[in-house]
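One letter stands for each residue in the lines below.
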Amino acid sequence: MDIQSFIQQLLNGISLGSLYALIAIGYTMVYGILRLINFAHGDVFMLGTYFAFYLVMIFMLPWWLSATLAIALSAIVGMLIDRVAYRPLRSAPRISALITAVGVSFFLENAGIVVLGARPKGFPRPEFMSHTYNLGGAYITGVSIWVPVISVILLLVLFYVIYRTKIGMAMRAVATDMETTRLMGVDLDRVISYTFAIGSALAAAGGIMWACKYPQINPLMGIFPGWKAFTAAVVGGIGNILGATIGGLVIGIIEIMIVAFFPALSGYKDAFVFVILIIFLLVKPTGILGETLKEKV
Amino acid sequence: MLKLENLHVYYGGIHALKGITMDVPDGKIVTLIGANGAGKSTTLRAIAGLTRAQKGSIKLMNEDITGKPAHIVTQKGVAMAPEGRRIFPNLTVLENLMMGAYPRTDKEEIFSDLDWVFSLFPRLKERQRQKGGTLSGGEQQMLAVGRALMSRPKLLALDEPSLGLAPVLVNEVFDVLRQIHEEGCTILLIEQNAKAALKLADYGYVLETGRITMSGPGRELLENEKVKKAYLGE
Ligand SMILES: Nc1ncnc2c1ncn2[C@@H]1O[C@H](COP(=O)(O)OP(=O)(O)O)[C@@H](O)[C@H]1O
Ligand SMILES: [Mg+2]
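Every chain begins its residue count from 1, and numbering advances along the sequence as written. Each chain is given a letter, starting from A, and each ligand a number, starting from 1, according to the order in which they appear as written. Predicted model: local features are reported for residues with pLDDT of at least 70 only, side-chain atom pairs are reported and counted for 80 or more only, and whole-chain, interface and lining totals are derived from all residues. Side-chain numbers come from the whole structure's heavy atoms, not from hydrogens or water.

Caption draft 1: Local environment of empty space enclosed by the protein. A cavity, in this analysis, means grid points on a 1 Å lattice covering only the protein atoms where a 1.4 Å probe fits yet has no way out; a pocket is instead an open set bounded by protein on both sides within 12 Å along at least five of seven lines, and a residue lines either one if it has an atom within 4 Å of a point. Grid points are joined across faces, edges and corners, and a volume is the space filled by probe spheres set on the points. Scanning the model with the defined rule gives 1 cavity of 30 Å³ or more in all. The volume enclosed by the largest cavity comes to roughly 50 Å³. As for the largest cavity, its lining consists of Leu 183 and Met 184 of chain A together with Thr 74, Ala 79, Met 80, Gly 100, Arg 147, Ala 148 and Ser 151 of chain B. If you list the elements that add at least two residues to the lining of the largest cavity, you get β6 (78-81) and α6 (137-149) of chain B. Here the lining of the largest cavity is composed, by residue class, of 5 nonpolar, 3 polar and 1 charged. Runs of E in the DSSP output that reach at least two residues are strands. Runs of H or I that reach at least four are helices, and both are numbered from the N terminus. Classes in brief: Ala, Val, Leu, Ile, Met, Phe, Trp, Tyr, Cys and Pro nonpolar; Asp, Glu, Lys and Arg charged; the others, Gly included, polar.

What follows is the structure in structure tokens.
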């Protein structure tokens, strides 16, 4: 393999990895606060693409407006999932919420099949995403350039919110000490609600860009990216936002490189990611950046 | 300011508070002393809304706050420096203090209160950009008290602020409490260091396995033979 195609593959890996990163952040933020794996998160990713699809195809809205509205709608869906499914179980044993999360996920997938149709739909991607650019001899598609760029912008906004705003400060506080955060006069349900909104918005943004990369959408499309992003969150250290970002990039690059360097193994690329998940869970469950897992009282 | 009426708390089968009745008058320092496991922390937690009281009532300025969630109780003017300090280790000292002011929106006054807290605890000012977890035990205690003050509470409740502190620091903390009190803050103080607490307090309650067994002005309790024997080691 020559250097040009290596760079091309690397860019592909970064582009795929930034999408995993965007989804992984939602898993990790919710886990950091509630110690809950929100299995429905991958399905919010899927819903985001359908919102964008219908806004473009039926409401004929301009592309940027459709994407923005789809992200906002997904944020609301995320908040609703928390409100309806998880909030009533806040003081129940953790396993109840976990089982509920699986249930919500199945519900969204099956409702998706009934309401949206099981047949894949062609996603109307904008020209700048499908355009092929010639960068010094390397041919690179718009998605490989714009997906990382947009992801970085979104991540910068996220880090600003987490580290420079009041609600972000409360999120960091809740993640270490829920009870004391309540003593500070913070309404926990509100903070948790915002956490779901942010995570879901990022997942939807990731979903829409995913659909630009692989322009076929279907109601089950969230399952595999969801699991891989969850793996990314574990690899990075679950609960840690920077870790989820790094984990996403690592998983994305590994996946693309396996296909590029070992084409014979490309059929196993999904399985490989789960091998990584299992290895980390067994050997280093705290991930790359995670601290020692503290059992919350 | 605060009135507890026949308060009962159970932890599963454990009857931790067996009918506590006490009164924290406006502008006074009241202390609750008692041995380990007597139920002091439970009393504070019930007031703060962290632990549910199964029976009895809690009134703050004649308003019933029994069973109200913790964040509402805080917003109504009760601030607590909890047992074990419980500062946010991953937040900076400044952010910890700002967490104390979380529900407030009066920006300018928040900053003047911040200056006030920094004048009470100059060390916190020097360390304001440091992570809370990097502070020494004494500094963390000051941060816990400072953070509670940042809500500009009507009632400041402290759970063993002197625990684990060197004697010099204990004096420093008690000096600050005196100063806060002089500025008009009502204080409910829980202490194992009964002598220091009774000296400072206007009124004291003695708690024994979930019941109040004695009460009286701080000076009187200091002279009381039983108290001397059980809590002052004399
Ligand atoms: N979370 C809890 N679960 C069960 N029992 C508890 C809990 N917290 C306190 N207790 C029990 O309640 C009693 C009072 O405890 P506490 O209020 O912490 O006492 P103090 O602060 O005076 O040392 C003790 O017997 C203690 O073991
Ligand atoms: Mg205690």
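Past the structure itself, the notes keep going.
Caption draft 2: Expanded view of helix α4 (residues 107-120) of chain B. All names here are of chain B. What a helix is expected to span follows from its residue count: subtract one and scale by 1.5 Å. Given a rise of 1.5 Å per residue, 14 residues ought to cover 20 Å, and the 20 Å separating the end C-alpha atoms of α4 matches this to within 8%. Exposed residues in this analysis have more than 50% of their type's maximum accessible area, buried residues have under 20%, and partly exposed residues fall in between, with area computed by a 1.4 Å probe over protein chains only. Looking only at α4, the buried set comprises Ile 110, Asp 113, Leu 114, Trp 116, Val 117, Phe 118 and Leu 120. Note on definitions: a residue-residue contact is assigned when non-hydrogen atoms from the two residues lie within 4.5 Å. Looking at the buried residues of α4, the elements they touch are α3 (93-100), α5 (122-126), α6 and α7 (167-182).

Caption draft 3: Main features of the domain arrangement of chain B. Residues and elements named next belong to chain B. Domain assignment breaks chain B into domain 1 (1-77 + 155-170 + 185-234) and domain 2 (87-152). Note: domain ranges come from an automatic or database domain assignment. Computed over C-alpha atoms only, the centres of domain 1 and domain 2 are separated by 24 Å. In total, domain 1 and domain 2 occlude about 600 Å² of area from one another, counting both sides; carbon and sulfur atoms represent 81% of this. A 1.4 Å probe defines the accessible area here, and the buried area is the portion of it lost by two parts on being joined, summed over both. Three residues stand out in domain 1 for area buried against domain 2, namely Leu 156, Leu 165 and Leu 169, and they jointly supply 51% of the buried area on that side. One side-chain nitrogen of Lys or Arg within 4 Å of one carboxyl oxygen of Asp or Glu is enough to make a salt bridge. At the surface where domain 1 touches domain 2, the tally comes to 0 salt bridges. As used in this structure description, the phrase polar contact means that two N or O atoms lie within 3.5 Å; if the pair is within protein, one of them must be able to donate a hydrogen and the other to accept it, and residues adjacent in sequence are counted only when both atoms belong to side chains. On the surface where domain 1 and domain 2 come into contact, there are 0 residue pairs in polar contact (both at pLDDT 80 or more). Taken together, the residues of the side of domain 1 that touches domain 2 break down into 5 nonpolar, 1 polar and 1 charged.

Caption draft 4: Broad picture of the interface of chain B and chain A. Facing the 22 residues of chain B at the interface are 18 residues of chain A. Summing both sides of the interface, chain B and chain A together bury roughly 2000 Å²; the carbon and sulfur share of this comes to 60%. At the boundary of chain B with chain A, the tally comes to 4 salt bridges. Along the contact surface separating chain B from chain A lie 10 residue pairs in polar contact (both at pLDDT 80 or more).

Caption draft 5: Main features of the coordination of the magnesium ion (ligand 2). Residues and elements named next belong to chain B. Within the protein, the magnesium ion (ligand 2) binds to Ser 41 (OG) and Glu 83 (OE); these donor distances fall in the range 2.0 to 2.5 Å. Residue Ser 41 is found in helix α1 (residues 40-48), and its partner Glu 83 is found in the loop between β6 and α3; the two are separated by 42 residues along the sequence. Take Ser 41: its relative accessible area is 15%, and that puts it in the buried class. By relative accessible area, which is 38% here, Glu 83 ends up partly exposed. Counted as coordinating are nitrogen, oxygen and sulfur atoms within 2.8 Å of the metal, or 3.2 Å for Na, K and Ca, while water is not included, which may make sites look incomplete.

Caption draft 6: Local environment of the layout of surface pockets. Of the voids in this model, the second largest pocket is the one considered here, and its volume is about 450 Å³. In terms of lining, the second largest pocket is formed by 16 residues, of which the most central are Lys 166 and Met 169 of chain A together with Met 98, Lys 107 and Phe 111 of chain B. Contributions of two or more residues to the lining of the second largest pocket are made by α6 (142-164) and α7 (166-176) of chain A together with α3 and α4 of chain B. With 4 residues, the top contributor of residues to the lining of the second largest pocket is α4 of chain B. Among the residues making up the lining of the second largest pocket, the classes are represented as 9 nonpolar, 1 polar and 6 charged.

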